[in-house]
Amino acid sequence: MFAPSVGGAVKVGFEINDVRASLTRADKTTLKNFTDKMISSAESALEGFAADAPPDAAVLYAQMLEFSAPKATDISGSALNADTLALHMVEQLEDPEHKSMRDLFVLLTSAALKPLLADPDFVEQIKPAIYAQMLSGTQAIQRDLAELVRKHGSLDAVVDTVKNAADAEFRILAAAFKLPDADTAPRSKLIADIIHKAQERDQVQAILDDVDDTDTVVQSYLEHAQTALSQMNLSAALFLLREARKALEDNSLRKNLEIRANIAEPEAMVHLLNSQPQEAFRLFESTANGMAMVDENDAAMRRSNYALALMAYGDRYGTDGYLYGTRLIDPLLSEAAAELPADVTARLFLHRGTIHAKFYAALGHLDGQDHFEAAEEDLISAQIIAADMLSDFHGAATARATAGWLNLQAAQFTLDADADPFLQQAEELLSIARKLYEQLDAQFELALVKLDLADLLDRKSVRVGQTERATIFQKAIDLVAESEEQLVMGDHPAELARARYLAAKLLWNEAVYRLGAGGAELLNSAMAFACSVLELRAVEADPLGWAEATLLIGEIRADQVIHNREEDRIAGFKEAVKTMQTAIKIYEEMGTEEQIAKARRTFQRLSRQIEEEGNVDSV
C-alpha cells in the first residue's frame, strides 16, 4: 500500500510555489523565516515516509528538482530547501532504486551550499543547530561527491551521468502515475500532472481507508480496488469501490432482514403449534421474499426449509401443511422463475417431491393421483440434476429413497396383483439408495431406508408360503432392530417412533398369522412396542401419529383377548373398542377421508372379530 505522506509532499510543493515570487525581494529576515518554515514543512511531509512508495517519492523528487535549479536570485532559499530535503531523503531512501536521484541531490546541494555558507551575514542569522546540521550535511555531501568524481573521472562527467540517470528515473516514476506522455512531455508539465494525479489518488485512498467491513465480499472488492490503485488505475479502483459500497448497503439491508427473519421464524413456528398453518405460511413467504432482495439463493434455501417445517406439520396435524409447503416452493420451480444453482434446484425438487408423496399417502390412490404423478416428476428431476452434478450422491440417494417410499405407498392402495409393479419399483429404488447411503456412511438416512425395506418385506410376506414367510419376517425384524439401534444413538425421537411402530406391526402380523405356539409372546412384544410409541408421540404434539399407534394398540388388544382366551373377554373387547374409538375421533377431526375410511375399516374388522366370538351385544 502507498504511504500516506503524499499529501504532505504536495503541501510542501504548494508552499514553495507560494513563496517563489517573493524570494527575489526577500531580505535576510524573510529568508530566515522561510528557512524555518521550509525545514518544519519538510520534516512534517517526510515523517513516516515509506521507501516502497515510488509515486509519493516522485512528487517529492519533482518538487525538489524543479525548485532546486540554480538561480542567482533565489540561490539561498533553493539551496537551503534542497539541502534540507536531500538530507532527509538520503537518510530514508536507502533503496538502490533511488540512488541516481539521490546522487543528483548531492550535486545540487553541493553546488548551492558553497555560496550560501560563504555568506557570513546569512550564516549569523541561522540558528546554530540548523547551521551545524547543514555543515554536517555538507561534509557528508562532499565525501559522496568525491567518490562520484573518482568513479566517473571528472566533475562534468559525474554531472552528466547523474543527471541523465536521474531524468530517466524521474520519467519512470512519472509513468507510475499512468501519464500518457511520461516519456516526452516537459518536466514542468509532468510535475503538475503528477501532483494532480497524486491528489486524486489520495482521495481514492482516503475513501478506501474509510470503508471498514468484515464481510468477505466487501473485503474482496477492497483488496482488488487497492491493487488497482497501486497500479494507478483510478477508474477501476473507483468502480470497485462503488461495488464495495453497494455490497455494504446490501449487507446493511441483509442484516435488517435477518433480524426480521429471526423474529418471524419463531413466530411462524408458534402458529404451527397453534394449528394456524396459513399464518405460518404468510410469515414464511414474507420472510423469504424479503431475503430475495439481497440473496436469491438464501431465499430459496429458506423456502425449502420452511416447506419442510410445514410438511412436518402436515405429518402431525393434517394435509394443510402439505398444501402450504408446496405453495412455498412452486414459485421457484415455475418456468418464469430465475435460474438457481443446480444444488439448490435439486433440493427444491426433492423437497417438493417428498411433500407431494406424503400428500398422496394421506389422500389415497384415487384422490391423490395428481400428487403421485407430481411426486414422481419432481423426484426424477432431482435425480437427474444430482447425477449431472457428479457430486451430490446424497441428494441422488435421497431422491431414490423417497421415490421408493412413494411406490411402497402406492402398493398399499392397490389390490395384490396390481401392487406387484409398485413393490418391484420400490425394492429397486430402495436397494440403490441403501447402497449409496452405505458408501456415504450416512447412518441416519440408512436407518430410514432400512425401515422402508422392512415395511416392503412385510407387504411381500402376506403373499408367500410359510417357510419363505418366516425368512422374510426375520429379515424385516433384523432391519428394524438395526435401524432402531442407530436412531437411539442419534437421538431421533420421531423416526424412532416410526421404527417401533413398524416393529409392533410386524410382530402383530406374525402373531395373527401363526395362531399357534409363540403367538402370545409375539402379541405381548407387539403391544410393548406399540405402547412405547405413545411415549414418543404425545397426542398434543403429534395427534395423527398418536392416533395411528393407538389404533394399532386397539387391534393388538382385541387379538390378545381372542388368542389368550381371557376369562373376562367382554372387558377386554370393551377396552379394545374404546381405544380404537379414541383414535377414530382424532382422525375424524384432523385426518383425510382416506385416513378416516382406513380407521373405520379397521374398526369394522375388529367388530366382526368380536361378533364371531359372541357376546357382541354386551360389547
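In every chain, residue numbers begin from 1 and rise along the written sequence. Totals for whole chains, interfaces and linings use every residue, but because this is a predicted model, local features are given only for residues with pLDDT of at least 70 and side-chain atom pairs only at 80 or more, for both listing and counting. Just so you know, side-chain values use all the structure's heavy atoms and leave hydrogens and water out.

### Thoughts on the overall build of the protein chain
Point 1. Helix and strand counts for the protein chain stand at 25 helices and zero strands.
Point 2. The rule is simple: take the accessible area with a 1.4 Å probe, protein chains only, and divide by the maximum for that residue type; under 20% is buried, over 50% is exposed, in between is partly exposed. The 619 residues of the protein chain split such that 48% are buried.
Point 3. Long-range pairs, those at least 24 residues apart, make up 66% of the contacts in the protein chain with a sequence separation of at least 6.
Point 4. As displayed, the protein chain offers around 30100 Å² of accessible surface, 52% of which is attributable to carbon and sulfur atoms. Helix and strand definitions here come from DSSP, where helices need a minimum of 4 consecutive H or I residues and strands a minimum of 2 consecutive E residues; each element is numbered from the N-terminal end. Between two residues, a contact is recorded if the distance between any of their heavy atoms is within 4.5 Å. Only the protein chains shown count as cover for residues, with accessible areas throughout obtained via the Shrake-Rupley method and a probe of 1.4 Å.

### Details of the nonpolar core
Point 1. Within this scheme, the nonpolar core is defined by two criteria: the residues are buried Ala, Val, Leu, Ile, Met, Phe, Trp, Tyr or Cys, and they are joined through side-chain atoms within 4.5 Å. Tyr437, Val480, Leu506 and Ile556 are the most contacted members of the largest nonpolar core, which totals 58 residues.
Point 2. Here this core takes eleven residues from helix H21 (residues 493-514), the largest share from any one element.
Point 3. Setting aside its immediate chain neighbours within four residues, valine 480 contacts Leu451, Ala454, Ala499, Leu502, Ala503 and Leu506.
Point 4. If you look at the next biggest cluster of nonpolar residues, it comprises 22 residues, including Met311, Ala346, Leu363 and Leu379.

### Some details on the packing of aromatic side chains
Point 1. Centres within 6.5 Å are what make two rings of Phe, Tyr or Trp a pair, Trp counting through its six-membered ring; a difference in plane orientation under 30 degrees is then read as stacked, over 60 as edge-to-face, and the rest as tilted. Evaluation of the coordinates by the stated rule reveals seven aromatic pairs.
Point 2. Taking the centre distance of 4.3 Å and the plane angle of 15 degrees together, the rings of phenylalanine 284 and tyrosine 306 count as stacked. In this pair, phenylalanine 284 is assigned in helix H12 (residues 277-292) and tyrosine 306 in helix H13 (residues 296-317), connecting sequence segments 22 residues apart.
Point 3. Exposure remark for tyrosine 306: the relative accessible area of 6% places this residue in the buried category.
Point 4. Placement of a positive charge over a ring is assigned whenever Lys NZ or Arg CZ falls within 6 Å of the ring centre and within 35 degrees of the normal to the ring plane. One cation-aromatic arrangement involves arginine 469 over tyrosine 513; the distance from NZ or CZ to the ring centre is 4.1 Å.

### Focus on the pattern of salt bridges
Point 1. For salt bridges, the criterion is a side-chain nitrogen of Lys or Arg within 4 Å of an Asp or Glu carboxyl oxygen. Counted by the stated rule, this structure contains 18 salt bridges.
Point 2. A salt bridge links arginine 498 to aspartate 452; its shortest N-O distance comes to 2.2 Å. Note that arginine 498 is positioned in helix H21 and aspartate 452 in helix H19 (residues 443-461), a separation of 46 residues in sequence.
Point 3. Via salt bridges that share partners, Glu265, Asp298 and Arg302 belong to a single interconnected network.

### Considering the side chain of aspartate 458
Point 1. Relative to the helices and strands, aspartate 458 is located in helix H19.
Point 2. Of the buried charged residues, aspartate 458 lacks a salt bridge, with lysine 505 as the closest side chain of opposite charge at 4.2 Å.
Point 3. Setting aside residues no more than four positions away along its own chain, aspartate 458 makes contact with Lys505, Leu506 and Asn509. Asp and Glu count as negative and Lys and Arg as positive, but His and the ends of the chain are not part of the count.

### Notes on empty space enclosed by the protein
Point 1. In this analysis the probe radius is 1.4 Å and the grid spacing 1 Å, with only protein atoms considered; a cavity is a set of points the probe fits into but cannot get out of, a pocket is an open set with protein on both sides within 12 Å along at least five of seven lines, and lining residues have an atom within 4 Å of a point. Grid points are joined across faces, edges and corners, and a volume is the space filled by probe spheres set on the points. The tally for this structure, following the rule as stated, stands at one cavity of 30 Å³ or more.
Point 2. Reported here for the largest cavity is a volume of approximately 50 Å³.
Point 3. In terms of lining, the largest cavity is formed by Leu457, Asp458, Ser461, Arg469, Ile472, Phe473, Ala476, Leu506, Asn509 and Glu510.
Point 4. Listed by contribution, the elements that provide at least two residues to the lining of the largest cavity are H19, helix H20 (466-490) and H21.
Point 5. Sorting elements by how many residues they give to the lining of the largest cavity places H20 first, with four residues.
Point 6. Split into classes, the residues belonging to the lining of the largest cavity amount to five nonpolar, two polar and three charged. In this classification, the charged set is Asp, Glu, Lys and Arg, the nonpolar set is Ala, Val, Leu, Ile, Met, Phe, Trp, Tyr, Cys and Pro, and all remaining amino acids, among them Gly, are polar.

### Some words on unusual backbone geometry
Point 1. Phi is positive for serine 275, which is not a glycine, with a value near 60 degrees.
Point 2. Topologically, serine 275 is positioned in the loop between helix H11 (234-273) and H12.
Point 3. By relative accessible area, which is 39% here, serine 275 ends up partly exposed.
Point 4. A positive phi angle, near 55 degrees, is found at aspartate 441, a position not held by glycine.
Point 5. Examined against the element boundaries, aspartate 441 turns out to sit in the loop between helix H18 (416-440) and H19.

### Topic: helix H17 (residues 393-412)
What sets the pattern is the α-helix's 3.6 residues per turn: residues three or four places apart point alike.
Point 1. For H17, spanning 20 residues, the distance from its first C-alpha to its last is 29 Å, which sits close to the expected 28 Å at 1.5 Å a residue.
Point 2. Counting buried positions over the 20 residues of H17 gives 16, a clear majority of the element. Given the number of residues in a helix, its expected span is that number minus one, multiplied by 1.5 Å.

### A look at the packing of H12 against H13
Point 1. The interhelical angle for the contact between H12 and H13, taken along N-to-C directions, is 170 degrees, at an axis separation of 8 Å. Here H12 lies roughly antiparallel to H13, going by the angle between them. Within the contact between the two elements, H12 uses Pro277, Phe284, Glu285, Thr287, Ala288, Asn289, Met291 and Ala292 and H13 uses Glu296, Asp298, Ala299, Arg302, Arg303, Tyr306, Ala309, Leu310 and Tyr313.
Point 2. For the contact of H12 with H13, the class distribution of residues is ten nonpolar, two polar and five charged. Helix axes are fitted only over the stretch in contact, all axes being lines through C-alpha atoms; the angle between N-to-C directions runs from 0 to 180 degrees. For classification purposes, an angle smaller than 35 degrees is called roughly parallel, one larger than 145 roughly antiparallel, one from 65 to 115 roughly perpendicular, and anything else oblique.

### Concerning the environment of valine 270
Point 1. Topologically, valine 270 is positioned in helix H11.
Point 2. For valine 270 and alanine 280, which are ten residues apart along the polypeptide, the C-alpha to C-alpha distance reads 8.0 Å.

### Quick notes on the packing of helix H15 (residues 342-363) against helix H16 (residues 369-389)
Point 1. As a packed pair, H15 and H16 sit with axes 7 Å apart at the nearest point and diverge in direction by 155 degrees. Between H15 and H16, the crossing angle belongs to the class labelled roughly antiparallel. By crossing handedness, the relation of H15 to H16 is classed as left-handed.
Point 2. Residues belonging to the contact of H15 with H16 are distributed by class as follows: 15 nonpolar, seven polar and three charged. Crossing chirality is assigned from the near helix's rotation relative to the far helix, an anticlockwise turn below a right angle marking it left-handed and a clockwise turn marking it right-handed.

### Points about the side chain of threonine 345
Point 1. Looking at where threonine 345 falls in the secondary structure, it is placed in helix H15.
Point 2. Residues in contact with threonine 345, not counting those within four places in the same chain, are Leu333, Leu340 and Ile385.

### Regarding the confidence of the model for the protein chain
Point 1. pLDDT: the predictor's confidence for each residue, scored from 0 to 100. Mean pLDDT for the protein chain: 75, with 68% of residues reaching 70 or above.
Point 2. Taken element by element, the protein chain is modelled with least confidence in helix H1 (residues 6-20), mean pLDDT 35, and with most confidence in helix H14 (residues 320-329), mean pLDDT 95.
Point 3. Low pLDDT (under 50) marks residues 1-95, which in the prediction has 155 contacts with non-local residues, meaning those over four places away or in another chain.

### What about the environment of isoleucine 584?
Point 1. Summarising the element assignment, isoleucine 584 is placed in helix H24 (residues 569-590).
Point 2. According to the relative accessible area criterion, isoleucine 584 is buried, its value standing at 9%.
Point 3. For the pair isoleucine 584 and isoleucine 596, spaced twelve residues apart in the sequence, the C-alpha separation amounts to 6.9 Å.
Point 4. Apart from residues no more than four positions distant in its own chain, isoleucine 584 is found in contact with Leu551, Ala599 and Phe603.

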